[in-house]
Amino acid sequence: MQRLPGVGPKTAQRLALHILKRPEAEVEALAQALIEAKKQVGLCTVCFHLSSEPVCEICRNQSRDNGTICVVADSRDVIALEKTREFKGKYHVLGGVISPIDGIGPEQLTVQALVRRVSQHKPEEVIMAISPSVEGETTTLYVGQLLKPFTKVTRIAFGLPVGGDLEYADEVTLARALEGRRELD
């Protein structure tokens, strides 16, 4: 259980003990559900988001804006953005970020598929929505340079979280918040 992301030793122990206390049929049902999910869920052939179909629901949706593609590192990012109900375009999931230390280069990501997609379909804008870590910045700059010959490339704004206090923010976050400021409506 501890191999799962975000699960520490205490939580892993609690989960394991809980599962051991459950009836065998319930544990078997859980195991079978996990196996079925692993077998049935793959990647969309267009955007590389998780999907049980060859083309995901977002890519099939005719009411979505084909002129805007939001590039994210992971399917979790698609889910987070979809929860806002603000973005009406399509997505492209890179499958991670460039991290030479971890042996992840552009070849291990879906960068070339994105370049092909953008060069063929010529969207009006590609929005880079990748976390501002060192690896995220590297990925954003690298992918952005590859896409600039074909379309306008933008990035999401970064700054302070709602409810955050200025005194606790680091200098980089404050600088980004100042750079990304906009006029009051």
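Worth saying up front: this structure is predicted, and the values here are computed from it rather than measured.

## Thoughts on the overall build of the protein chain
Logical step 1: What the protein chain contains, in helices and strands, is seven helices and six strands.
Logical step 2: Counting from the amino terminus, helix and strand elements in the protein chain follow one another as α-α-β-β-α-β-α-β-α-β-α-β-α.
Logical step 3: When the backbone C-alpha atoms are referred to their principal axes, the protein chain occupies close to 55 × 45 × 40 Å.
Logical step 4: Across the 185 residues of the protein chain, 30% fall into the buried class.
Logical step 5: Residue pairs at least 24 apart in sequence account for 49% of intrachain contacts in the protein chain once pairs closer than 6 positions are excluded.
Logical step 6: Of the roughly 13000 Å² of accessible surface on the protein chain, a fraction of 56% belongs to carbon and sulfur atoms.
Logical step 7: Across the protein chain, 23 positive and 24 negative side-chain charges occur, with their mean positions spaced 4 Å apart.

## Quick word on the pairing of strand E6 (residues 152–155)
Logical step 1: Bridge count for strand E5 (residues 125–128) against E6 is four bridges, and the pairing is parallel. When the sheet's bridge partners are listed, Glu125 is paired in E6 with Lys152.
Logical step 2: Taken together, E5, helix H6 (residues 134–147) and E6 constitute a β-α-β crossover, and its handedness is right-handed.

## Concerning the nonpolar core
Logical step 1: Ranked by size, the top nonpolar core spans 14 residues in total, and within it Val71, Leu94, Leu114, Val126, Val143 and Leu147 carry the most contacts.
Logical step 2: Of all the secondary-structure elements, those providing two or more residues to this core are strand E3 (65–72), helix H5 (111–121), E5 and H6.
Logical step 3: Residue contributions to this core peak at four residues, all from H5.
Logical step 4: Not counting residues within four places of it along the chain, the set of residues in contact with Leu114 comprises Val71, His92, Leu94, Val143 and Leu147.
Logical step 5: Cys44, Cys59, Val93 and Ala129 belong to the second largest nonpolar core, which has 13 residues in total.

## Section: the confidence of the model for the protein chain
Logical step 1: Residue-level pLDDT values for the protein chain average 93, and 99% of them are 70 or greater.
Logical step 2: Element-level mean pLDDT values for the protein chain span from 80 in helix H7 (residues 171–179) up to 98 in strand E4 (residues 89–93).

## Comments concerning the sheet that holds E5
Logical step 1: With parallel pairing, four strands are arranged side by side in an open sheet as E4-E3-E5-E6. If you trace the sheet from one side to the other, it starts and ends with E4 and E6, each paired once. Going from strand to strand, the sheet's axes swing by 25° on average, the running direction of each strand aside.
Logical step 2: With five bridges joining them, E3 and E4 adopt parallel strand pairing. Following the sheet pairing, Asp65 is matched in E4 by Gly89.
Logical step 3: Its contacts with the sheet place helix H4 (residues 75–84) against E3 and E4, and it is angled at close to 155° to E4.

## Overview of a nonpolar patch on the surface
Logical step 1: A cluster of nonpolar side chains, Met1, Leu4 and Leu15, forms an exposed patch at the surface whose accessible area comes to about 250 Å².
Logical step 2: According to the relative accessible area criterion, Leu4 is partly exposed, its value standing at 45%.

## Digging into the packing of H5 against H6
Logical step 1: Contact geometry of H5 with H6 gives a least axis separation of 10 Å together with a crossing angle of 30°. Classified by the angle between their axes, H5 and H6 sit roughly parallel to one another. Of the two elements, H5 crosses H6, and the hand of that crossing is right-handed. Along its contact with H5, which presents Val111, Leu114, Val115 and Val118, the element H6 presents Tyr142, Val143, Leu146 and Leu147.

## Here we look at unusual backbone geometry
Logical step 1: With phi around 70°, Phe48 is a residue other than glycine that occupies positive phi space.
Logical step 2: As for its position among the elements, Phe48 is in the loop between strand E1 (42–43) and strand E2 (50–51).
Logical step 3: Although it is not a glycine, Arg85 adopts a positive phi angle of roughly 60°.
Logical step 4: Within the element layout of this structure, Arg85 appears in the loop between H4 and E4.

Calculation rules
- Residues numbered from 1 in each chain as written.
- Predicted model: local features only at pLDDT ≥ 70, side-chain atom pairs only at ≥ 80, totals over all residues.
- Heavy atoms only, no water.
- Helix = DSSP H or I, 4+ residues; strand = E, 2+ residues; numbered from the N terminus.
- Buried < 20%, exposed > 50% of the residue type's maximum accessible area, 1.4 Å probe, protein only.
- Contact = heavy atoms within 4.5 Å.
- Areas by Shrake-Rupley, 256 points an atom, 1.4 Å probe, with all protein chains shown as cover.
- Lys, Arg positive; Asp, Glu negative; His and termini not counted.
- Charge placed at Lys NZ, Arg CZ, Asp CG, Glu CD.
- Pairing = 2+ DSSP bridges.
- Right-handed = clockwise from strand over helix to strand, strands pointing away.
- Core = buried A, V, L, I, M, F, W, Y, C linked by side-chain atoms within 4.5 Å.
- pLDDT = per-residue confidence, 0-100.
- Axes fitted to C-alpha atoms, helices over the stretch in contact; angles between N-to-C directions.
- Patch = residues over 30% accessible without salt bridge, like charges linked within 9 Å, V, L, I, M, F, W, Y side chains within 5 Å.
- Salt bridge = Lys/Arg side-chain N within 4 Å of Asp/Glu carboxyl O.
- Parallel < 35°, antiparallel > 145°, perpendicular 65-115°, else oblique.
- Left-handed = near helix turned anticlockwise from the far one by under 90°.

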